[in-house]
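Residues per chain, in single letters:
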Amino acid sequence: MIRIEILFLIVICCCGSGFAETPPLLQRFTETGIAINDQQTCLLPKPSLQAGQDAAARKAILEDLAGGRGWKNFSRKSVMAPVAIDVKYIKDANGERIGHQAHSAFIVHAALESLKDEELMKQVFGEPEDVEDAEDFVVEELKEEELESSGIDPVGENESYGTIQMPLLKRVIIRGVVHTERLLGDDSVIIVWEIDPRFTSDDSGRNTWALINRDDLGNKQEGEQQPYQGAGGYMVVSRLTELPGACLVESHLVLHEPPEWFRGSNVLRSKLPILMQESARSFRRKLTEK
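Residues numbered from 1 in each chain as written. Predicted model: local features only at pLDDT ≥ 70, side-chain atom pairs only at ≥ 80, totals over all residues. Heavy atoms only, no water.

### Brief notes about the overall build of the chain
Per the secondary structure count, the chain includes 10 helices and 13 strands. Considering the chain as a whole, with its 290 residues, one finds that 49% of them fall into the buried category. At a minimum sequence separation of 6, the contacts of the chain that also span at least 24 residues come to 66%. Total accessible area on the chain is roughly 13,700 Å²; 47% of this is exposed by carbon and sulfur atoms. (Helix = DSSP H or I, 4+ residues; strand = E, 2+ residues; numbered from the N terminus. Buried < 20%, exposed > 50% of the residue type's maximum accessible area, 1.4 Å probe, protein only. Contact = heavy atoms within 4.5 Å. Areas by Shrake-Rupley, 256 points an atom, 1.4 Å probe, with all protein chains shown as cover.)

As structure tokens, this is what we get:
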């Protein structure tokens, strides 16, 4: 199963120094939301830790994230330290499930400066650990001429566009154009991404999903490609003055789930917390190996 945060590899490979202010994508996500379809959006909360918060406010926020685990346990220096995870359904006006909103937060014992190192992050996020997923996972930078042909102005050093091919639970394969932005601050790094809906509504047909089936011999066969949008989120890594040499890693994910993916079963909802916990542990493990 692929790590959810591997989508952020596109930013690490393609982005430059970062925005001086809040990335426009993050502002849209927290003010108007991510478009799931033509009728519905999903609003994301702002990052838990923000500039200007006093020590008491920060302490209360961190203790709330730790929850019943307790701050001492939540912040311990271990690959197996707890991960705060919350997954909610996204439902349409009729109460039908159309997607998932997931939040995770955990502590890493690494200096923020090391997490700004592009070569290190390429190694940490660079490949899925599952061999079969690695064969199907592809990410490439989208060239400026391709953007211009789609009516998009050439990007600045703060953002990037990349094409992605991503398997999901060996049942679905998603392809599309991912728009990413990054903010590098003195005390935080924010990475924001979205499967760009402009490449769903245009004639390029770049944003798609397809079912992965197996024939009688076990060979993979793809079903018909269908248009796709409604996936995005952000990750923020914040320096912890409360715990020198450590950072809080917080992520928010929105994922549209067409009903055809898993035939109405709850398999994705049940797997998301496991995926997010494995991702946090893998992140910590790979950091300690570098």
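### Some words on the environment of arginine 269
Relative to the elements of secondary structure, arginine 269 occurs in helix α10 (residues 267-289). A residue is classified by how much of its surface remains accessible, and arginine 269, at 24% relative accessible area, is partly exposed. Here the alpha-carbon distance between arginine 269 and valine 87, two residues 182 residues apart in the chain, equals 7.5 Å. Residues in contact with arginine 269, not counting those within four places in the same chain, are Val87, Tyr89 and His100.

### Notes on the pairing of strand β3 (residues 84-91)
As judged from the 8 bridges shared by β3 and strand β4 (residues 97-108), these two strands associate in the antiparallel manner. Counted as the bridge partner of tyrosine 89 is histidine 100 from β4. Hairpin connection between β3 and β4: a loop of 5 residues separates the two successive antiparallel strands, and glycine 95 in this loop has a positive phi of roughly 80 degrees. (Pairing = 2+ DSSP bridges.)

### Considerations on the nonpolar core
Most often, soluble globular proteins keep nonpolar side chains buried together rather than apart. The biggest cluster of nonpolar side chains holds 23 residues, and the ones touching the most others in it are Leu168, Val172, Ile174, Ile195, Tyr228, Trp261 and Leu268. Mapped by element, the contributors of at least two residues to this core are β6 (159-168), β7 (172-184), β8 (188-195), β13 (247-256) and α10. Beyond its immediate stretch of four places on either side in the chain, valine 172 contacts Met166, Pro167, Trp209, Ala210, Leu211, Ile212, Trp261 and Phe262. (Core = buried A, V, L, I, M, F, W, Y, C linked by side-chain atoms within 4.5 Å.)

### Points about the pattern of salt bridges
This model, assessed by the stated rule, comprises 9 salt bridges. Ionic pairing is found between lysine 88 and aspartate 86, a salt bridge with its closest N-O pair at 4.0 Å. For lysine 88, a relative accessible area of 48% translates into the label partly exposed. The class of aspartate 86 is partly exposed, set by a relative accessible area of 36%. A salt bridge links glutamate 257 to arginine 97, with the shortest nitrogen-to-oxygen separation between them at 3.6 Å. (Salt bridge = Lys/Arg side-chain N within 4 Å of Asp/Glu carboxyl O.)

### So, a negative patch on the surface
There is a patch of like negative charges on the surface, built from Glu141, Glu144, Glu145, Glu148 and Asp153. Examining the composition of the negative patch, we find that 3 residues originate from one element, helix α8 (residues 144-149), more than from any other. Assignment of secondary structure puts glutamate 141 in strand β5 (residues 138-141). You can call glutamate 141 partly exposed: its relative accessible area is 45%. (Patch = residues over 30% accessible without salt bridge, like charges linked within 9 Å, V, L, I, M, F, W, Y side chains within 5 Å. Lys, Arg positive; Asp, Glu negative; His and termini not counted. Charge placed at Lys NZ, Arg CZ, Asp CG, Glu CD.)

### Here's the deal with the confidence of the model for the chain
Per-residue confidence for the chain gives a mean pLDDT of 84; residues scoring 70 or more make up 85%. Within the model, pLDDT remains below 50 along residues 1-20, and this stretch shows 87 contacts once partners closer than five positions in the same chain are excluded. (pLDDT = per-residue confidence, 0-100.)

### Observations regarding unusual backbone geometry
For residues that are not glycine, phi is negative in most cases, and the peptide bond is trans in most cases. Positive phi values are uncommon outside glycine, yet leucine 169 reaches one of about 55 degrees. Summarising the element assignment, leucine 169 is placed in the loop between β6 and β7. Despite not being glycine, lysine 170 has its phi angle at roughly 60 degrees, a positive value. Relative to the elements of secondary structure, lysine 170 occurs in the loop between β6 and β7.

### Some thoughts on the packing of aromatic side chains
Across all of its chains, the model carries 5 aromatic pairs by this definition. Here tryptophan 71 and phenylalanine 74 contribute two aromatic rings whose centre-to-centre distance is 6.2 Å and whose plane-to-plane angle is 45 degrees, an arrangement assigned as tilted. Residue tryptophan 71 and its partner phenylalanine 74 are located together in helix α4 (residues 71-74), separated by 3 residues, close to a single helical turn. Given the relative accessible area of 25%, tryptophan 71 is considered partly exposed. Residue phenylalanine 74 is classed as buried on the basis of its relative accessible area of 0%. Between tryptophan 261 and phenylalanine 262, the ring centres sit 6.2 Å apart and the planes meet at 90 degrees, which makes this aromatic pair edge-to-face. (Phe/Tyr/Trp six-rings, centres within 6.5 Å; stacked < 30°, edge-to-face > 60°.)

### Points about the environment of phenylalanine 106
Looking at the element boundaries, phenylalanine 106 is found in strand β4. A sequence separation of 23 residues divides phenylalanine 106 from valine 83, and the C-alpha atoms of the two residues are 5.0 Å apart. Those residues in contact with phenylalanine 106 that lie beyond four places of it in its chain are Phe74, Pro82, Val83, Cys247, Leu248, Val249, Ala280, Phe283 and Arg284.

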